[in-house]
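This is what each chain is made of:
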Amino acid sequence: MIREHYPVFDPDLTPSLNMGAIAEMIRTHPKALRSSHPARSFAALGAQAEFITSSQTLTEPMGEGSPLAQLYTLGGYILLLGVGHDRNTSLHLAEHRADYPSKKMLVEHSAVMVDGQREWLEYEVLEPISDDFVALGSDFERTHDVPVYTVGDAQTRYIKQSKIVDFLVAWLEKYRLPRRRDRL
């Protein structure tokens, strides 16, 4: 019953859930382009927007070919404006690149339009885990010069994406252990 009534992903209408006001402002900008993933889409503005949003796949929405990987290729930066590393989406790219013991796939479902017809798709994605991103961010900031600015009342960090992603790949391979439920 739910499948029949679940809203179809529409890049122009489907809101960016749980991403905040800035992400939603960019998504709704008339010149913004949006990637096509029904659960993990990205919006971009500017000269490289098409490059950033055009190659995201259903099964690796935050891995190679994703907007995160495209930003990495372009030498992009991360702006953490009033949020910490627990909200640093770029760190999921490192999860795809790293080899660690608790890495596993999840099955997801989405309603999408395929050739003008509504379809309910089942696909696998890497399970994103962000519960250690705060520890990672602290370790990164202890070993790298990360200036902290104040914008209004918000602590703000501006970080070269490749530096923290590369650091996290090594960090995950060294420190991310099987989660408790995986060890039982």
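Values in this document were obtained by computation on a predicted structure and should not be read as measured data.

The rules behind each value
Residues numbered from 1 in each chain as written. Predicted model: local features only at pLDDT ≥ 70, side-chain atom pairs only at ≥ 80, totals over all residues. Heavy atoms only, no water. Phe/Tyr/Trp six-rings, centres within 6.5 Å; stacked < 30°, edge-to-face > 60°. Helix = DSSP H or I, 4+ residues; strand = E, 2+ residues; numbered from the N terminus. Buried < 20%, exposed > 50% of the residue type's maximum accessible area, 1.4 Å probe, protein only. Lys NZ or Arg CZ within 6 Å of the ring centre and 35° of its normal. Axes fitted to C-alpha atoms, helices over the stretch in contact; angles between N-to-C directions. Contact = heavy atoms within 4.5 Å. Pairing = 2+ DSSP bridges. Patch = residues over 30% accessible without salt bridge, like charges linked within 9 Å, V, L, I, M, F, W, Y side chains within 5 Å. Areas by Shrake-Rupley, 256 points an atom, 1.4 Å probe, with all protein chains shown as cover. Salt bridge = Lys/Arg side-chain N within 4 Å of Asp/Glu carboxyl O.

Caption draft 1: Spatial organisation of the packing of aromatic side chains. With the rule as written, the count across this model stands at four aromatic pairs. Between Tyr6 and Trp120, the ring centres sit 5.6 Å apart and the planes meet at 85°, which makes this aromatic pair edge-to-face. Highlighted residues: Tyr6 in the loop between helix H1 (2-5) and helix H2 (21-28) and Trp120 in strand E5 (residues 117-126), separated in sequence by 114 residues. On the basis of relative accessibility, which here comes to 26%, the residue Trp120 falls in the partly exposed class. Sitting over the ring of Tyr72, Arg97 keeps its end group 4.3 Å from the ring centre. Looking at Arg176, its charged tip hangs above the ring of Tyr100, at a distance of 4.8 Å from the centre.

Caption draft 2: Just the packing of helix H4 (residues 67-74) against helix H7 (residues 161-175), in detail. At a minimum axis separation of 9 Å, H4 and H7 run at an interaxial angle of 120°. Residues Leu68, Leu71 and Tyr72 of H4 form the contact with H7, whose participating residues are Gln161, Ser162, Val165 and Asp166.

Caption draft 3: Structural context of H4. All of the buried residues along H4 are Pro67, Leu68, Ala69 and Gln70. Tucked into the core, H4 has its buried residues touching helix H3 (49-53), helix H5 (91-97) and H7. Immediately beyond the C-terminal end of H4, within one or two residues, lies Gly75, with a positive phi of roughly 75°.

Caption draft 4: Local environment of the sheet that holds strand E6 (residues 148-151). An order of E3-E7-E6 is seen for the three strands of this open sheet, with the pairing classed as antiparallel. Either end of the sheet is taken by a strand with one partner, and the two such strands are strand E3 (77-81) and E6. Pairs of neighbouring strands in the sheet enclose a mean axial angle of 25°, with direction left out of account. Direction of pairing for E3 relative to strand E7 (residues 154-160): antiparallel, over a ladder of five bridges. Its bridge partner being in E7, Leu79 is matched across the sheet by Tyr158.

Caption draft 5: Looking closely at a nonpolar patch on the surface. There is a patch of nonpolar side chains on the surface, built from Ile22, Met25, Tyr77, Leu79, Leu81, Tyr149, Val151 and Tyr158 and spanning about 820 Å² of accessible area. At the level of secondary structure, the elements contributing two or more residues to the nonpolar patch comprise H2, E3 and E6. The leading source of residues in the nonpolar patch is E3, at three residues.

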